Amino acid sequence: MQPGRYPRILPATPASQETPAAEAPGASGITEKGSKKRQLTQPRPGACIECRARKTKCDGVRPGCGNCTKRGISECLYPERLTNGPKALELVDLLRALPDDRSISLLKRIREGADLAKSISLYKDSGDDLEPPSRPVSQRPRRDGSLEGELMRQYPNSFPELPPIDPIRLATSDLLRPQPGTSSAAPLAGQDGETYSAIPSHFTVDDYDERLAYLQVGFWTQVKIPDEFAARVISLYLKTDHPLLGLFDSHLFIDDLINKRSRYCSTFLFHALMYLGCQMYSAIDKKAMQYAGEFCQIAEKMGKDESDSYASMAGAIFLSISLMGHGKDHAVLKYAAAAMQIGTRLGLFSDIIQLPAGTYTSLGDEADEERSAQSYAAWGVFNWNVMVSMFYRQPGSQTPASAPTVPIPGELGDRPQQQQPSEMNGTDGVHEGHEAQDGDGYENGYHDDDDSEEEVDGYEEDDGNPSDDAVLRRTFPVLCNFWRIVYKCRWIYYVVQESPPLFLRHTLVEYAYRELIAWVETLPHFLRRREGSPHYVIVFHIWLHTAILDMWQPFIRKAAASSAPAPQSLHTFVARHDRTADAAYTASVQQLKHLVITYRSRHTASTYSILWHNGLIYLVNAMLRCVDPHWRLYLLLCLYGYERLRRPYRISEVVTQGLLTMTMRDTDMSGEEAYKIMEELKGRGLVDFRGDLEEEIRATFMVDLKLALTDPEAARAETMAKEFDGMAAFQDLVDPDAMETP
């Protein structure tokens, strides 16, 4: 021992002279001189993940804190705050202390990509004689005997293998926070460069489509909007929503728009398109919402007297979409049905084609243009009406009587010439102030084995961004086939007059499910999920899995009473474990989680396009129906997804209130917590024009998808939102824990 290194040890105080603990100096926090002295206590343990998410006190008891034990949460986890060096030493010590089988299990878990701190906490706190708690579904091995494993092996396009979602990093990311006033928080980097980071709040649109450089707005409208501003608005729509909606041939539309012709463009179509486009553009420039109000009023007046044409069909759908996002939901179904009626009168949904007034039959290029305009109008209207029927399960939201009889665009027999890449850069046609990096956003972990150049349907795969027209001609025909498949099988699981007998529905849905996911395996290369997938690919896969969830919803048994009969097994799969509708439903829920994170992290379109929001509604419903220890994280992920859409779309507030009402009803969420979330959303302010916030916001689509099967009126977004205050007061009245002080 080196002299002076350690303090000298004094003799022990005799037992008779020991000062009682209650009388010891400092025991009461007061020194002998009367000054206050801080008590010497043990360091306060950190809060567990669940208590952090709920913003409640945590006693730090391991392996399960008092709050988690009281609420029956079996997996109480703590985020460790050790640096990499001590963490590695702690891991080595733990591996030495654990039995051989558990050491191997821990190493295997870490090699699979599990969080190191979380793994140490699980194995250290569970005790040497106990098995570690079961891992969440999203972290189980994929190549096992489960139905999810079988789907990943046989149908990788629909069910790619994905890395586990780290709940700790998700809980601390800015995806679960209100949008900052200046810029988003720095993304939290994880393994392999993955991040959970929301899109920055400030971004600008790239240069508009060069074809619109000659646009003269004054020919089409009396609204005092600059030509360049209108060109940027139209370009944003063409780049973002047009590949998903179709509705018109972009070449024919822009050609007539620039050259002031009214064959494939019209003043009604222009005003309806500008109404939707200005709503979208208001996420970038607030003054766009002022123009949106003017275009809305003129378009609705024109729509009353508009003659039948392909342009009027497209314009009616634009009004349907815009009014839904703006909270004028009373007319959404009216315009969607009006577009179908125009198409029916023009013969696009029958065997006899009736040309619009003022047109004539012709040969050559003009005949090809006419067929193209027919196809885009018919299938764009059909697709939107099928989508609307998934949300509006009430009188007036009727599924189309038939699919269009005209060919799908791209199946006309004529091959369009390949286009040169547009000069507009960026996946979504926007610029975020920095170059996109390969590691930005959340990676889904799926890499196609063949990323080399290949020819798909006559098009070469290129490394750059294809032009708008090339994107549309590649994507829209696939979407038409997708909605046609969904349309063909919806009569099976939605109770209508022609529905099959109850005992046959489960089997028929299984065959429809197999048909859909088998068709997805035939998708061309550019529509498969992979690193850097464009926004329209992610939206398509969101639609795919919401359609699958729709198929299986009537057959889910997890929420059923224990006396209910055992779930029926699927007959066409060979998985050894849990071959049921619940397992098929859960497999798509796991995919939807990743898709929502990817879309919010990587694509600015998540802040100004409304076409993907059904994924948010379906994911919240799944979290409330399934057993998921991290359901609260995904609820906040979806709620703050609506918060990012608050400026362009007024329905964001109504949908958020409706989803929170459902959550309070089905979980232990307190009214106080629900109010805190709503205040954070309202505190950011919904930007609108002309004080229209005084006008009632209508949202008659379904948010409670389970209740919609039996009581569509009560399942509406606006109905659930109106019950928010009453449900919050009731929750705080019956739940004493809700009054805990954080």
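The structure under discussion appears in the preceding block.
Residues numbered from 1 in each chain as written. Predicted model: local features only at pLDDT ≥ 70, side-chain atom pairs only at ≥ 80, totals over all residues. Heavy atoms only, no water.

**Q** Describe the overall build of the protein, and please don't skip the residues or the numbers.
**A** Helix and strand content of the protein: 25 helices and six strands. Sorting the 742 residues of the protein into buried and exposed places 56% on the buried side. A total accessible area of about 33100 Å² is found for the protein, and carbon and sulfur atoms account for 51% of it. (Helix = DSSP H or I, 4+ residues; strand = E, 2+ residues; numbered from the N terminus. Buried < 20%, exposed > 50% of the residue type's maximum accessible area, 1.4 Å probe, protein only. Areas by Shrake-Rupley, 256 points an atom, 1.4 Å probe, with all protein chains shown as cover.)

**Q** Tell me about the packing of aromatic side chains, residues and numbers included.
**A** For the structure shown, the criterion picks out 22 aromatic pairs. On the basis of an interplanar angle of 25 degrees and a centroid distance of 4.4 Å, the ring pair of Phe248 and Phe253 is categorised as stacked. Here Phe248 falls in the buried class, since its relative accessible area comes to 6%. Geometry around Phe526 places Arg474 over its ring, the cationic atom sitting 5.6 Å from the centre. (Phe/Tyr/Trp six-rings, centres within 6.5 Å; stacked < 30°, edge-to-face > 60°. Lys NZ or Arg CZ within 6 Å of the ring centre and 35° of its normal.)

**Q** Account for helix α20 (residues 614–625), with residues named and values stated.
**A** Look at α20: 17 Å from first C-alpha to last across twelve residues, which is about the 16 Å you get at 1.5 Å a residue. In terms of burial, α20 is a largely internal element, twelve of the twelve residues being buried. All buried positions along α20 are accounted for by Asn614, Gly615, Leu616, Ile617, Tyr618, Leu619, Val620, Asn621, Ala622, Met623, Leu624 and Arg625. (Expected span 1.5 Å × (residues − 1).)

**Q** Describe in detail the side chain of Ser601, supporting the description with residues and values.
**A** With respect to the element layout, Ser601 can be found in helix α19 (residues 581–602). Here the side chain of Ser601 touches Ile597 through a polar contact of 2.7 Å, landing on its backbone oxygen. (Polar contact = N/O pair within 3.5 Å; in protein donor to acceptor, adjacent residues only side chain to side chain.)

**Q** Any details on the pattern of salt bridges? Residues and values, ideally.
**A** Counted according to the given criterion, the structure contains 21 salt bridges. Arg169 is the salt-bridge partner of Asp166, the closest N and O atoms lying 3.6 Å from each other. For the pair formed by Asp166 and Arg169, the shared burial category is buried. Each of Glu50, Arg54, Arg71, Arg632, Asp668 and Glu673 takes part in a single network of salt bridges with overlapping partners. (Salt bridge = Lys/Arg side-chain N within 4 Å of Asp/Glu carboxyl O.)

**Q** Residue-level account of unusual backbone geometry, with values.
**A** Between Arg62 and Pro63 the backbone carries a cis peptide bond, its omega angle lying at 10 degrees. Of note, Pro63 is situated in the loop between α1 (49–54) and α2 (66–71). Even without glycine at this site, Leu247 takes up a positive phi of about 75 degrees. With respect to the helices, strands and loops of the structure, Leu247 is situated in the loop between α9 (242–245) and α10 (250–259). Even without being glycine, Lys260 reaches a positive phi, approximately 60 degrees. Relative to the elements of secondary structure, Lys260 occurs in the loop between α10 and α11 (267–281).

**Q** So what's going on with the state of the cysteines? Which residues, and what values?
**A** Counted according to the given criterion, the structure contains zero disulfides. Unpaired in this structure, Cys68 has its nearest cysteine sulfur neighbour in Cys65, at a distance of 3.6 Å. (Disulfide = S-S within 2.5 Å.)

**Q** Tell me about the nonpolar core, and please be specific about residues and values.
**A** Judged by nonpolar contacts, the single largest core of 194 residues is most densely connected at Tyr237, Phe248, Phe318, Phe482, Tyr513, Trp552 and Phe701. Once residues within four sequence positions are removed from consideration, Trp552 is found in contact with His506, Val509, Glu510, Tyr513, Leu570, Ala581, Ala584 and Tyr585. Formed by nine residues, the second largest nonpolar core is a distinct cluster that contains Ile49, Leu91, Leu122 and Tyr123. (Core = buried A, V, L, I, M, F, W, Y, C linked by side-chain atoms within 4.5 Å. Contact = heavy atoms within 4.5 Å.)

**Q** Please set out a nonpolar patch on the surface residue by residue, giving values where relevant.
**A** The grouping of Trp491, Phe503, Leu504 and Leu508 at the surface amounts to a nonpolar patch, some 390 Å² of accessible area in total. Relative accessible area serves as the criterion here: at 30%, Leu508 is assigned to the partly exposed category. (Patch = residues over 30% accessible without salt bridge, like charges linked within 9 Å, V, L, I, M, F, W, Y side chains within 5 Å.)

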